[in-house]
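Coordinates in review
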Amino acid sequence: MIKATVVLERRVQRGANGFSGEFGHLPVDPAGPRCNCGNGGCLQALVGQTALLERARRAGVGLGLRDGLAELIDAAEGGERAVLTILEEAGEPLGRSVAGLVNVLAIKAIKVIGESHVRWPFLGPAFTAAAVAGTIEPLRDLEITVSPWRDTEHARGAACLLLARSGAITGP
Ligand SMILES: [Zn+2]
């Protein structure tokens, strides 16, 4: 699952029916693999965790019974070339897709956060290069930061939603 939350003028944009943020279903490659939404070539079908693990298995990377992502990162940290290539290649379509968001919404800053931030050391350089290359010149001074995931973020987000619905705040 790849989500994106857009904050414009300090307000979280929730879209019709609160359904905004399904960044993983951005149509990237019509010839790409089938996504769990039924469409072909969605971003998450190309670079989501399930897609990366599947590519690693097809490349012959031995993933055991532990959490696949943790094993994938262990292999990358151990310098396993096939895994490094898979992660590096994932950065490009992700960064290019973010550039599209930046160009449409004139976004000034991107914050990468989530349980998968552990992939960042491996896909970050390709992500950043593609994001900058795909961004129009007036927006190219894009600020990109990465934050580790903490379980308290779920509670913080839920609290912000409740406060926003009550009118106590205008958004998290
Ligand atoms: Zn999809």
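A short tour of the structure in this document, coming up.

Cut-offs applied
Residues numbered from 1 in each chain as written. Predicted model: local features only at pLDDT ≥ 70, side-chain atom pairs only at ≥ 80, totals over all residues. Heavy atoms only, no water. 1 Å grid on protein atoms, 1.4 Å probe; cavity = no way out; pocket = protein on both sides within 12 Å on 5 of 7 lines; lining within 4 Å. Points joined across faces, edges and corners; volume = space filled by probe spheres on them. Helix = DSSP H or I, 4+ residues; strand = E, 2+ residues; numbered from the N terminus. Nonpolar A, V, L, I, M, F, W, Y, C, P; charged D, E, K, R; others polar. Buried < 20%, exposed > 50% of the residue type's maximum accessible area, 1.4 Å probe, protein only.

Moving on: the layout of surface pockets. A probe matching the size of a water molecule, rolled over the atoms, marks out where space remains unfilled. The computed volume of the largest pocket comes to approximately 2200 Å³. Forming the boundary of the largest pocket are 49 residues, of which Lys3, Ala4, Thr5, Lys111 and Ile113 lie nearest the centre. Elements that contribute at least two residues to the lining of the largest pocket include exactly strand 1 (6-8), strand 2 (11-13), helix 4 (81-105), strand 3 (109-114), helix 5 (120-134), strand 4 (143-148) and helix 6 (152-166). Ranked by residue count, the leading element in the lining of the largest pocket is helix 6, at seven residues. Here the lining of the largest pocket is composed, by residue class, of 25 nonpolar, 13 polar and eleven charged. Estimates place the volume of the second largest pocket at around 270 Å³.

Once that is clear, we can look at the environment of glycine 157. Checked against the element boundaries, glycine 157 lands in helix 6. Since its relative accessible area comes to 30%, glycine 157 is described here as partly exposed. In sequence terms glycine 157 and serine 97 are 60 residues apart; their C-alpha atoms lie 25 Å from each other.

Take it as geometry only, folks, not as evidence of what the structure does.
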